Amino acid sequence: MSWEDKVRKVEPYVPGEQPNVKDMIKLNTNENPYPPSPKVNECIMSLDYDRMRLYPNADVMPLRKALAAYHGIDVEQIFVGVGSDDVIDMAFLTFFNSEVPVLFPDVTYSFYKVWAELYRIPYILKPLDKDMHIDPADYSGENGGVIFPNPNAPTGVLESRETVEKIIAANPDSVVMVDEAYVDFAGKDASVLPLIDKYDNLLVVRTFSKSRAMAGARIGYCMGSKKLISSLEAVKFSINSYTMNTPAIDMGVASVSDDAYFKETIEKIVNTRERLKEELKKLGFSMPDGKGNFVFAKHESAPAKEIYLALRARNIFVRFFDTPGINDRLRITVGTDEEVDKLIAALKDILEGV
Ligand code: PMP
């Protein structure tokens, strides 16, 4: 057997592209169009470079304390990682460790499948219904674990807290992970965080990449029972003690300290999202009533790929998934009002010519 036969074969996740084009409108990776809180800028400006000699705080305590106070939970109920991708990766490795398949939707964050294959975790994809909702009945019976985003990505569809609780309650013998990457855009009753004290098998995952406008800082976290969190910590400390770098920890604390700015930018994005939906409908698009910072739109006649390429030629980047079942749609991130106006003008122009 050659060394090449011994290599782990993987099919990696393909992130949205990060083009660097002057005057581009970048609506392809669900980033926040506004900068992070000015407090984060103050933090960057006052970074002490001599501290780079020292290892960071291995248990990320300053940020865990800030988040614990913010959410009204204990520090032992929080785990922090390098973006929620790192947190979910660690959670797959920790909690999805049986011969029984884990369950997730067929249309969802495509990284779940990649982690399952990487760790050789069996999985079953559960179809969404015709309105792109999850059927809670699909997530009962023996399984190795459950994960789904709420709101889902790339659909933006939000399941009610009652629906999600049904799934958690039906699975006392497996860990249920609710990936709340976009929940801050979905209204105040959308999160199942209040249920972590009721269900010790519930893990709620969050990120600083979207609502906190800090995708570049790579900060994600999850919350759950102390038992779940200590299991995650044990696996993390078996791989890399120092996942979070010192500036990221400090910037995270700064962001959490500025709730007024956080709420203000979310409100702006939600207002623009609703306007974007209306404008797209006028142009012949339909879409689920998405609750994230993006819309998942299908045109009545023009093929999605053609629109995607025509927008791209004008330096407007949106996301097109060349995957059967969703290759008739575009996922468009909610930008600033000005960016949305330019997008709509470009679409009008393109659709006239199709
Ligand atoms: N979950 C979902 C549903 C996402 O869309 C993303 C963003 N690609 C992530 C998790 C990961 O985001 P991050 O690692 O930046 O926190």
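What counts as what
Residues numbered from 1 in each chain as written. Predicted model: local features only at pLDDT ≥ 70, side-chain atom pairs only at ≥ 80, totals over all residues. Heavy atoms only, no water. Salt bridge = Lys/Arg side-chain N within 4 Å of Asp/Glu carboxyl O. Helix = DSSP H or I, 4+ residues; strand = E, 2+ residues; numbered from the N terminus. Buried < 20%, exposed > 50% of the residue type's maximum accessible area, 1.4 Å probe, protein only. Axes fitted to C-alpha atoms, helices over the stretch in contact; angles between N-to-C directions. Parallel < 35°, antiparallel > 145°, perpendicular 65-115°, else oblique. Left-handed = near helix turned anticlockwise from the far one by under 90°. Contact = heavy atoms within 4.5 Å. Nonpolar A, V, L, I, M, F, W, Y, C, P; charged D, E, K, R; others polar. Near = heavy atom within 4 Å. Polar contact = N/O pair within 3.5 Å; in protein donor to acceptor, adjacent residues only side chain to side chain. Areas by Shrake-Rupley, 256 points an atom, 1.4 Å probe, with all protein chains shown as cover. Pairing = 2+ DSSP bridges.

A. The arrangement of the pattern of salt bridges in detail. All chains considered together, the criterion is met by 25 salt bridges. The closest approach of N and O atoms between Glu233 and Arg64, which form a salt bridge, is 4.0 Å. Residue Glu233 is found in helix H6 (residues 226-236), and its partner Arg64 is found in helix H2 (residues 61-71); the two are separated by 169 residues along the sequence. Of the charged contacts, one joins Lys291 and Asp289 as a salt bridge, the two residues approaching to 3.5 Å between their closest N and O atoms. Residue Lys291 is classed as partly exposed on the basis of its relative accessible area of 24%. One connected set of salt bridges, linked through shared partners, spans Arg273, Glu274, Lys277, Asp289 and Lys291.

B. Region of interest: the packing of helix H9 (residues 304-313) against helix H10 (residues 337-353). For the pair H9 and H10, interaxial distance at closest approach is 10 Å and the crossing angle is 120°. Of the possible angle classes, the one that applies to H9 and H10 is oblique. Where H9 crosses over H10, the two elements pack in a sense that is right-handed. Of the residues in H10, those touching H9 at Ile307, Ala310 and Leu311 are Leu343, Ala346, Leu347, Ile350 and Leu351. Partitioned by chemical class, the residues of the contact of H9 with H10 number eight nonpolar, no polar and no charged.

C. Up close: the site of the ligand. Residues in contact with the ligand amount to 13 residues; listed here are only the nearest, Ser84, Asp179, Tyr182, Thr207 and Ser209. Contacts to the ligand include Tyr109, whose side-chain N or O atom sits 3.3 Å from a nitrogen atom. Interatomic distance of 2.6 Å between a side-chain N/O atom of Asp179 and a nitrogen atom of the ligand. A total of 410 Å² of accessible area belongs to the ligand in isolation, and the protein chains cover 91% of it. In terms of residues, the shell around the ligand owes the most to one element, helix H3 (residues 83-95), which gives three residues. For the shell around the ligand, the per-class residue count stands at five nonpolar, four polar and four charged.

D. Highlighting the sheet that holds strand S6 (residues 176-179). An order of S2-S8-S7-S6-S5-S3-S4 is seen for the seven strands of this open sheet, with the pairing classed as mixed. The two strands at the open ends of the sheet, each matched to only one other strand, are strand S2 (78-81) and strand S4 (123-126). For this sheet, the mean angle separating the axes of adjacent strands, direction not counted, is 20°. Across four bridges, strand S7 (residues 202-207) lies against strand S8 (residues 220-223) in antiparallel orientation. Paired with Val205 across the two strands is Cys222, which belongs to S8. Here H2 sits on the sheet and contacts S2, S7 and S8; the angle it forms with S2, its principal contact strand, is near 130°. The strands touched by helix H4 (residues 111-118) within the sheet are strand S3 (102-105), S4, strand S5 (145-149) and S6, with S4 carrying the most contacts at an inclination of about 165°.

E. Summary view of the pairing of S7. Counted residue by residue, S7 has six buried out of six residues, so it is predominantly covered. Burial along S7 is two-sided: the face carrying Leu202, Val204 and Arg206 and the face carrying Leu203, Val205 and Thr207 are both buried. By the bridge criterion, four bridges tie S6 to S7 in an arrangement that is parallel. Bridge pairing links Asp179 to Val205 in S7.

F. The environment of Gly16, seen in detail. One can find Gly16 in the segment before strand S1 (25-26). With a relative accessible area of 14%, Gly16 lands in the buried category. Sequence separation of Gly16 and Phe320 is 304 residues, and the distance between their C-alpha atoms is 9.4 Å. Ignoring any residue separated from it by four or fewer positions in sequence, one finds Gly16 in contact with Asn28, Thr29 and Arg319.

G. Spotlight on the side chain of Lys26. By the secondary structure assignment, Lys26 is in strand S1. Among the polar contacts made by the side chain of Lys26, one reaches the side chain of Asn28 at a distance of 2.8 Å. Separated by 2.7 Å, the side chains of Lys26 and Glu31 make a polar contact. In this structure, Lys26 is in contact with Glu17, Gln18, Pro19, Glu31 and Phe317, ignoring residues within four places of it in sequence.

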